[in-house]
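Here are the chains, one letter per residue:
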Amino acid sequence: MPFILILLFFGLVLLFSSFFTVKQQTAVVIERFGKFLSIRNSGLQLKLPVIDRIAGRVNLRIQQLDVIIETQTKDNVFIKMKVSVQFKVIQEHVYEAFYKLEYPHDQITAYVFDVVRAEVPKLILDDVFVRKDDIAIAVKRELNEAMMAYGYDIINTLVTDIDPDIQVKNAMNRINAAEREKTAAMFESDAQRIRIVAKAKAEAESKKLQGQGIADQRREIAKGLVESVEVLNKVGINSQEASALIVITQHYDTLQAIGADTNSNLILLPNSPQAASDMLNNMVTSFTASSIIGEEMKKQPKRVKDRGNKTSMDYNPSDTSNPGEPTK
């Protein structure tokens, strides 16, 4: 009886060990006496106890391997690149993935190193940043050709990080800062130039308008003086006396304008009480003297020097007669 119980117990153990489950997106490799038998997919599966065994489980989900590579660019700058490889086992090629390749991660890493160190030395540092997608495409193409024979499909490759030496990064930052400062200085100088030109144009327009205003003012003053002289002539005052009277009037108007401004520090000389009468007497005297001199010059006879000596000839400016003609 105990022997039967022992046999029954072992029988139940063998029975239950014949059943096994396979998870979703997983494949199980079954061997019989060490030889490949079959591949079982997800679900409840059955195998012969003792004879069959589970050789291994293969993950069918997409996996990612991050590879960090140190390499040198064309301009002799050492950089570290991080390449992320996304891959999976092809479900129809589980046998090749399980039996042909023992360490797939090492194989993928070796190919990534080989491709990156072949592509990056062809580029300068700036082009590495710009053409990182080209590097990723080259890695994917090379991996697909190599890993397809082992049952692996390369889904995508990404260059996720490019890290130059810290001194190189600091130099690049300084260059970038200098370029931006140069651009800012150019914009500031252009703005300053625009402000100066605009200010100069405004000042020129202001001077032009101011000159036109002064010219118009003087023109109107001249017209007013002409009208004033004509009015004074009508009442028996000649032009000289009228001009003197107008000057005296403007003199007192100026003094009045200066006195009206409390902040003015201008002093008009002469400024004595008899200044106006002195100015009038001086002007009348000068006008009278100039008239007398002009009349005397008209009355002077002409004096002709000998032309044989080829000398100059003195003559009265008002005399229009020919010096060579005989006098009557």
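Just above, that's the structure.
As a starting point, this report considers the structure included with it. (Residues numbered from 1 in each chain as written. Predicted model: local features only at pLDDT ≥ 70, side-chain atom pairs only at ≥ 80, totals over all residues. Heavy atoms only, no water.)

1. Some thoughts on the overall build of the protein chain
As a reminder, the rule being used: Under the scheme used here, helices are H or I runs from DSSP no shorter than 4 residues and strands are E runs no shorter than 2 residues, and both carry numbers assigned from the N terminus. Per-residue accessibility, obtained with a 1.4 Å probe over protein chains only, is compared with the maximum for each type, and a residue is labelled buried under 20%, exposed over 50%, and partly exposed between these values. The contact criterion used throughout is that any non-hydrogen atoms of two residues lie within 4.5 Å. All accessibility values rest on the Shrake-Rupley procedure with a 1.4 Å probe; residue burial counts only the protein chains present in the view.
Within the protein chain, the secondary structure is distributed over eight helices and eight strands. Split into buried and exposed, the 328 residues of the protein chain put 21% on the buried side. Sequence separation of 24 or more characterises 59% of the internal contacts of the protein chain that already satisfy a separation of 6 or more. Summing over all exposed atoms, the protein chain offers an accessible surface of approximately 23,600 Å²; the carbon and sulfur share of this is 57%.

2. Digging into the nonpolar core
The test is simple: Residues belong to one nonpolar core when they are buried, are Ala, Val, Leu, Ile, Met, Phe, Trp, Tyr or Cys, and are joined through side-chain atoms within 4.5 Å.
Counting residues in hydrophobic clusters, the biggest one holds 35 residues, and the most contacted among them are Val-112 and Val-116. Contributions of two or more residues to this core are made by strand 2 (26–32), strand 6 (63–72), strand 7 (78–89), helix 2 (94–99), helix 3 (104–119), helix 4 (125–130), helix 5 (132–147) and strand 8 (152–164). Non-local contacts of Val-112, meaning those with residues more than four positions away in its chain, are made with Val-67, Ile-69, Val-83, Val-85, Val-139 and Leu-143.

3. A look at the sheet that holds strand 2
Applied cut-off: We call two strands paired when DSSP finds no fewer than two bridges between them. Axis definition: a line fit to C-alpha positions, over the contact stretch in the case of helices; interaxial angles, taken between N-to-C directions, run 0 to 180 degrees.
Read across the sheet, three strands follow the order 3-2-5 without closing on themselves; strand pairing throughout is antiparallel. Of all strands in the sheet, those with a lone pairing partner are strand 3 (35–40) and strand 5 (52–59), marking the two edges. Strand-to-strand, the axes of this sheet are offset by a mean angle of 30°, without reference to chain direction. Bridge count for strand 2 against strand 3 is five bridges, and the pairing is antiparallel. Each bridged residue has a counterpart across the sheet, and for Val-28 the counterpart in strand 3 is Arg-40.

4. A short note on the pairing of strand 1 (residues 19–22)
Remember that side chains alternate between the two faces of the sheet whenever the strand is regular. With burial as the criterion, only one face of strand 1 is covered, namely that bearing Phe-20 and Val-22; the residues Phe-19 and Thr-21 on the opposite face remain uncovered. By the bridge criterion, four bridges tie strand 1 to strand 4 (residues 43–46) in an arrangement that is antiparallel. Directly across from Phe-20, in strand 4, lies its bridge partner Gln-45.

5. Quick notes on helix 3
Put simply, the rule reads: Given a helix with a known number of residues, its expected span is that number minus one, times 1.5 Å. Think of the arc as the fan of directions from the helix axis to the C-beta atoms.
Along its 16 residues, helix 3 runs 23 Å from first to last C-alpha, staying within 8% of the 22 Å computed at 1.5 Å per residue. Regarding helix 3, the residues found buried are Pro-104, Ile-108, Val-112, Val-115 and Val-116. An end-on view of helix 3 places all buried positions within 95° of arc, on one side of the element. Along its buried surface, helix 3 packs onto strand 6, strand 7, helix 5 and strand 8.

6. A look at the side chain of Lys-47
Formally: For the purpose of counting charges, residues Lys and Arg are taken to be positive, whereas Asp and Glu are taken to be negative. His and the chain ends are not included. Within this document, salt bridges are pairs made up of a side-chain nitrogen of Lys or Arg and a carboxyl oxygen of Asp or Glu, the two lying within 4 Å of each other.
The topology assignment puts Lys-47 in the loop between strand 4 and strand 5. The side chain of Lys-47 sits in the buried core without any salt bridge; Asp-52 is the nearest counter-charge, 7.2 Å away. Not counting chain neighbours up to four residues away, the residues in contact with Lys-47 comprise Ser-17, Ser-18, Phe-20, Asp-52, Arg-53 and Ile-54.

7. Notes on the pattern of salt bridges
Summed over all chains, the structure comprises four salt bridges. As a salt-bridge pair, Arg-131 and Asp-134 come within 3.3 Å of each other at their nearest N and O atoms. Here Arg-131 falls in the partly exposed class, since its relative accessible area comes to 38%.

8. As for the sheet that holds strand 7
Read across the open sheet, the three strands follow the order 6-7-8; overall the sheet is antiparallel. The outermost strands of the open sheet, each flanked by one partner alone, are strand 6 and strand 8. For this sheet the average axis-to-axis angle between neighbouring strands, irrespective of direction, equals 20°. Of the strand pairs in this sheet, strand 7 and strand 8 are connected by eleven bridges, and their pairing is antiparallel. Bridging across to strand 8, Val-89 finds its partner in Tyr-152. Along the sheet, helix 3 contacts strand 6, strand 7 and strand 8; its crossing angle with strand 6, the most-contacted strand, is approximately 35°. Sheet contacts for helix 5: strand 7 and strand 8; angle to strand 8, the most-contacted strand, approximately 145°.

9. Quick notes on helix 5
For helix 5, built from 16 residues, the straight-helix expectation of 22 Å at 1.5 Å per residue is met to within 8% by its first-to-last C-alpha distance of 22 Å. For helix 5, the complete set of buried residues consists of Ile-135, Ala-136, Ala-138, Val-139, Leu-143, Ala-146 and Met-147. Viewed along the axis of helix 5, the buried residues span an arc of 160°, placing them on a single side of the element. Relative to its buried face, helix 5 has exposed residues pointing more than 90 degrees away, namely Ile-137 and Glu-145. Turning to helix 5, the residues buried within the fold contact strand 7, helix 3, helix 4 and strand 8.

By themselves, these figures tell us nothing about what the structure is for.
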